[in-house]
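Coordinate analysis (summary)
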Amino acid sequence: MKELISKLKGDKGIWSFVALLALFSFMPVFSASSNLAYLGHGTGNTLGYLVKHFLHICFGFAIIFWVHNVPYHYFRGISKVGLPIVWVLLAYTLIKGTVIAGANASRWIQIPFVGLSFQTSTLAAIILFVFVARYLSKSREEPITFKTSFIELWIPVFITLMFILPGNFSTTALIFSMVVMLVFIGKYPIKYISYIIGLGVVFLTLFIIIGKNFPEAKFFNRVSTWESRYEDFTTNKPDEDDYQIEKAKIAIASGQIYGLGPGKSVQKNFLPQSSSDFIYAIIVEEYGLVGGLGVLVLYLLLLFRFVVASHKANTLFGKLVVIGLGFPMIFQAMINMAVAVELLPVTGQTLPLISSGGSSIWMTCFGLGIILSVTKKEEEIAQEKLDKEKREEILQKLIDREMEADLAEADLKNGNDNFDTGNYSITDNSNNPMNAVLK
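What counts as what
Residues numbered from 1 in each chain as written. Predicted model: local features only at pLDDT ≥ 70, side-chain atom pairs only at ≥ 80, totals over all residues. Heavy atoms only, no water. 1 Å grid on protein atoms, 1.4 Å probe; cavity = no way out; pocket = protein on both sides within 12 Å on 5 of 7 lines; lining within 4 Å. Points joined across faces, edges and corners; volume = space filled by probe spheres on them. Helix = DSSP H or I, 4+ residues; strand = E, 2+ residues; numbered from the N terminus. Phe/Tyr/Trp six-rings, centres within 6.5 Å; stacked < 30°, edge-to-face > 60°. Buried < 20%, exposed > 50% of the residue type's maximum accessible area, 1.4 Å probe, protein only. Lys NZ or Arg CZ within 6 Å of the ring centre and 35° of its normal. Salt bridge = Lys/Arg side-chain N within 4 Å of Asp/Glu carboxyl O. Patch = residues over 30% accessible without salt bridge, like charges linked within 9 Å, V, L, I, M, F, W, Y side chains within 5 Å. Areas by Shrake-Rupley, 256 points an atom, 1.4 Å probe, with all protein chains shown as cover. Contact = heavy atoms within 4.5 Å. Lys, Arg positive; Asp, Glu negative; His and termini not counted. Polar contact = N/O pair within 3.5 Å; in protein donor to acceptor, adjacent residues only side chain to side chain. Axes fitted to C-alpha atoms, helices over the stretch in contact; angles between N-to-C directions. Parallel < 35°, antiparallel > 145°, perpendicular 65-115°, else oblique. Left-handed = near helix turned anticlockwise from the far one by under 90°. Nonpolar A, V, L, I, M, F, W, Y, C, P; charged D, E, K, R; others polar.

Within this model, the second largest pocket holds a volume of roughly 560 Å³. Taken together, 21 residues make up the lining of the second largest pocket; nearest its centre are Leu161, Met162, Leu165, Phe203 and Leu204. Counting residues per element, the ones that place at least two in the lining of the second largest pocket are helix 8 (146-164), helix 9 (169-185) and helix 10 (190-213). Considering each element in turn, the lining of the second largest pocket owes the most residues, seven residues, to helix 10.

Structure, rendered in structure tokens:
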């Protein structure tokens, strides 16, 4: 175990908080999967779901370990080449997407020969954030203009969002807001940012208008769902989403301070997405306010380590990569918690590293691997600097020792060894004019 830990490079704080979140996830997932077990095979045995989640976590940490050993500057080129590939995957998902547990059909694709489902928007978000960081960190001889930046930066961003929007509005909004935050931190002109936000609002409005006029069209059939969710959130109209929120609120209220105890949740049997979208409600029900705040604190500590890692990065690309990949994870967690307590309408965002699900865990781990690769590079630079200082110190000591030896040898030749060596002799070698009298 010590040998394995010694191979883990990068920010130890990030490693620690990620490991704590992953370890904590097993009990809530094991408990909350009971309704899936009843619906799936009618036995209520959740052991299979626990093993599945264990394998997802193990493979996720393998991804972190592999990616964090890749020099992070390699992802500059990968983002440029990978973006067109992501567009193809998103278009295929939009056309041939599959239904997962009754959820929207245009978010997942089935991986051939494996039988696993994969949510392509999670991969698209990572590639897009790295692509934006790459653009902002490029050295330029001339200042950024709106025309060139719109072609080189914003057209790829809008193309990516255009493929995600029909099937997943919440993910589109999250990605767009994080991109805006990233370009703001990257010192992109605020005037241009306001133009882009205005264009985004116009495009979204046009999309909603078309969707309301053509509700049966495949690419616009989610508009009615968005509208109903907004109405449910702002009114008391009963609906399926309202049912989920009510059960989540009952679960949270039942938890009180210390909770009902691990595995003793009642509302897990009624919440349709208790192991994914509403797992935070189950956590509060079983572990109380203490457990809910504990999870929140872990995410905030992870955010703090992201800020520290970004500050320590010695390149602009490294700083922006840490912010662009780290902050969305924390904001996604906050959105999931806010939905559970009805601060936001139902969005379908999972709780990173805790909710069950393969692709969401793996892509979160992929992003964490890139962040750790940045922190690993900074550690290597710091270690190289320390080694250089030690080498210079040792070299200086050798030079001083050689100089002392040379001086001692010169003194011996001049007959002044008594004073340099610190030894005394009864022989008088001085040029005392009284020598003739004394002798």
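Next up on the list: the packing of aromatic side chains. Counting across every chain of the model gives 14 aromatic pairs. A centroid spacing of 6.1 Å and a plane angle of 45° characterise the contact between Phe26 and Phe54, whose relative ring orientation is tilted. Of this pair, Phe26 sits in helix 3 (residues 26-32) while Phe54 sits in helix 5 (residues 47-68), and the two are 28 residues apart along the sequence. You can call Phe26 buried: its relative accessible area is 18%. Taken together, the aromatic side chains of Phe146, Phe150, Trp154, Phe158, Phe176, Tyr188, Tyr192, Tyr195 and Phe203 make up a single cluster linked through ring pairs. Over the face of the ring belonging to Phe317 we find Arg76, whose NZ or CZ atom lies 4.4 Å from the ring centre. The ring centre of Phe270 lies 5.0 Å from the NZ or CZ of Lys247, which sits over that ring.

Now for the pattern of salt bridges. Taken as a whole and assessed by the stated rule, the structure comprises four salt bridges. We note a salt bridge from Asp11 to Arg305, for which the minimum N-O separation is 2.6 Å. In this pair, Asp11 is assigned in the loop between helix 1 (2-6) and helix 2 (12-24) and Arg305 in helix 13 (residues 279-312), connecting sequence segments 294 residues apart. What makes Arg305 buried here is its relative accessible area of 18%. Across the pair Glu342 and Lys249 runs a salt bridge, and its minimum N-O distance is 2.8 Å. Taken as a pair, Glu342 in the loop between helix 14 (316-340) and helix 15 (358-414) and Lys249 in helix 12 (residues 240-255) lie far apart in primary sequence, 93 residues in all. Judged by relative accessible area, Lys249 falls into the partly exposed class, the value being 32%. The network of salt bridges with common partners includes Glu246, Lys249 and Glu342.

A contiguous nonpolar surface patch, about 450 Å² in accessible area, is contributed by Phe30, Leu47, Val51, Phe54 and Leu55. In this structure, Val51 sits in helix 5. With relative accessibility at 42%, the residue Val51 sits in the partly exposed group.

This paragraph deals with the side chain of Ser275. With respect to the helices and strands, Ser275 occurs in the loop between helix 12 and helix 13. For Ser275, the residues in contact, after removing those within four places along its chain, are Ala32, Ser33, Leu36, Ser355 and Ser356.

Moving on to the side chain of Glu286. Here Glu286 shows up in helix 13. Within the buried set, Glu286 has no salt-bridge partner at all; the shortest N-O distance to an opposite charge, 4.5 Å, is to Lys268. A polar side-chain atom of Glu286 sits 2.4 Å from a polar atom in the side chain of Ser31. Discounting chain neighbours no more than four positions away, the residues touching Glu286 are Ser31, Tyr258, Gly259, Leu260, Gly261, Pro262, Gly263, Lys264 and Ser265.

Time to look at the packing of helix 13 against helix 14. For any two helices packed against each other, the geometry is given by the interaxial angle and the distance between the axes. As a packed pair, helix 13 and helix 14 sit with axes 10 Å apart at the nearest point and diverge in direction by 165°. Accordingly, the angle class assigned to the pair helix 13 and helix 14 is roughly antiparallel. Crossing hand, helix 13 versus helix 14: left-handed. Taken together, the residues of the contact of helix 13 with helix 14 break down into 20 nonpolar, four polar and one charged.

In short, the description is geometric, and any link to function would need to be established separately.
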